[in-house]
Amino acid sequence: MTTHTTTHTTDATTDMTTYATTYTARPIDPAVLKDLRTADDADRPMVPFADEEGGAPLRCCLRRSEPGERIALVSYAPLRRWAAETDVDPGAYDEQGPVFVHADDCPGPDLRGYPFPGAHRTVRRYSAEGHILGGRLVENPDAFDEAFAEAFADPEVALVHVRAVEYGCFLYEVRRA
């Protein structure tokens, strides 16, 4: 694993923080975004809108939206998508929820640093079978590397999801190196 030092800027919240990171935050894959823009994981068509206020956490580029950007709220099943790639059945752990994405293609994220800092997050651990193995509350943005190292110290952990505490929404994924 490599360590990057980065400045992470989110203009919509005027938040600038420097992090030394060891793990990579993964956005929703561009091929999956193409599917979601046709029909989301609940089989509903995308309904784009102009984000008048800005600040929506975009899972395609791992930044907050700017006022006036065309975005959409779609239903996404991150564990289901991962399970399909790895040929496992997550069973009852398969869940879907709302995520904001750009309504059109975007250049994707700067993969250095951890996105959406400044709020409490949970780091939810999953096994190679797609079952939840536990989680951890992360209250300080400087504690993500520690939370990820703790998660991946367990050989049973294949990946983690970072989720918003207030709504439980999926924000991004980190996989074992």
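Regarding unusual backbone geometry
Non-glycine residue Asp-43 carries a positive phi angle of around 65°. Inspection of the secondary structure assignment puts Asp-43 in the loop between helix H1 (30-38) and strand S3 (49-50). In this model, Asp-87 sits at a positive phi of 60°, which is unusual for a non-glycine residue. Relative to the elements of secondary structure, Asp-87 occurs in the loop between helix H2 (78-86) and strand S7 (97-102). According to the relative accessible area criterion, Asp-87 is exposed, its value standing at 72%.

Focus on the nonpolar core
Of all hydrophobic cores here, the largest spans 20 residues; its most connected members are Val-123, Phe-144, Phe-148, Val-160 and Tyr-172. Ranked by the residues each element gives to this core, the list is headed by helix H3 (residues 144-153), at 5 residues. Residue contacts for Phe-144: discarding those within four places in its chain leaves Tyr-114, Arg-121, Val-123, Val-138, Val-162 and Tyr-172. Counting 17 residues, the second-largest nonpolar core is a separate cluster that includes Met-46, Ala-56, Val-74 and Ala-103.

So, the sheet that holds strand S11 (residues 170-175)
Spatially, 4 strands are ordered S9-S8-S10-S11 in an open sheet, and the strand pairing comes out antiparallel. Single-partner strands in this sheet number two, and they are strand S9 (132-138) and S11. Taking each pair of neighbouring strands and ignoring which way they run, the sheet shows an average axis angle of 20°. For strand S10 (residues 157-164) and S11, the ladder comprises 5 bridges, and the chain directions are antiparallel. From the neighbouring strand, His-161 faces S11, where its bridge partner is Glu-173. Docked against the sheet, H2 engages strand S8 (121-127), S10 and S11, running at close to 160° with respect to S10. Each of S8, S9, S10 and S11 is contacted by H3, which is oriented at about 145° to S10, the strand it contacts most.

Overview of H1
The periodicity of an α-helix, 3.6 residues per turn, causes residues three or four positions apart to be oriented the same way. Along H1, the residues that are buried comprise Val-32, Leu-33, Leu-36 and Arg-37. In an axial view of H1, the angular spread of the buried residues amounts to 140°, which keeps them on one side of the axis. When the buried face of H1 is taken as reference, the exposed residues oriented beyond 90 degrees from it are Lys-34 and Thr-38. Considering only its buried residues, H1 is in contact with strand S6 (70-76), H2 and S7. Sitting at the head of H1, Asp-29 places a side-chain oxygen 2.9 Å from the backbone nitrogen of Ala-31.

Quick notes on the pattern of salt bridges
Summed over all chains, the structure comprises 16 salt bridges. Asp-41 serves as the salt-bridge partner of Arg-81, at 2.6 Å between the closest nitrogen and oxygen. With Arg-81 in helix H2 and Asp-41 in the loop between H1 and S3, this pair connects stretches of sequence that are 40 residues apart. Since its relative accessible area comes to 15%, Asp-41 is described here as buried. Residue Arg-121 is joined to Glu-166 by a salt bridge in which the shortest nitrogen-to-oxygen separation is 3.7 Å. Of the two residues, Arg-121 is situated in strand S8 and Glu-166 in the loop between S10 and S11; the sequence distance between them amounts to 45 residues. A network of salt bridges, in which partner residues are shared, links Arg-26, Glu-85, Glu-173 and Arg-175.

The rules behind the values
Residues numbered from 1 in each chain as written. Predicted model: local features only at pLDDT ≥ 70, side-chain atom pairs only at ≥ 80, totals over all residues. Heavy atoms only, no water. Helix = DSSP H or I, 4+ residues; strand = E, 2+ residues; numbered from the N terminus. Buried < 20%, exposed > 50% of the residue type's maximum accessible area, 1.4 Å probe, protein only. Core = buried A, V, L, I, M, F, W, Y, C linked by side-chain atoms within 4.5 Å. Contact = heavy atoms within 4.5 Å. Pairing = 2+ DSSP bridges. Axes fitted to C-alpha atoms, helices over the stretch in contact; angles between N-to-C directions. Arc of directions from axis to C-beta. Polar contact = N/O pair within 3.5 Å; in protein donor to acceptor, adjacent residues only side chain to side chain. Salt bridge = Lys/Arg side-chain N within 4 Å of Asp/Glu carboxyl O.

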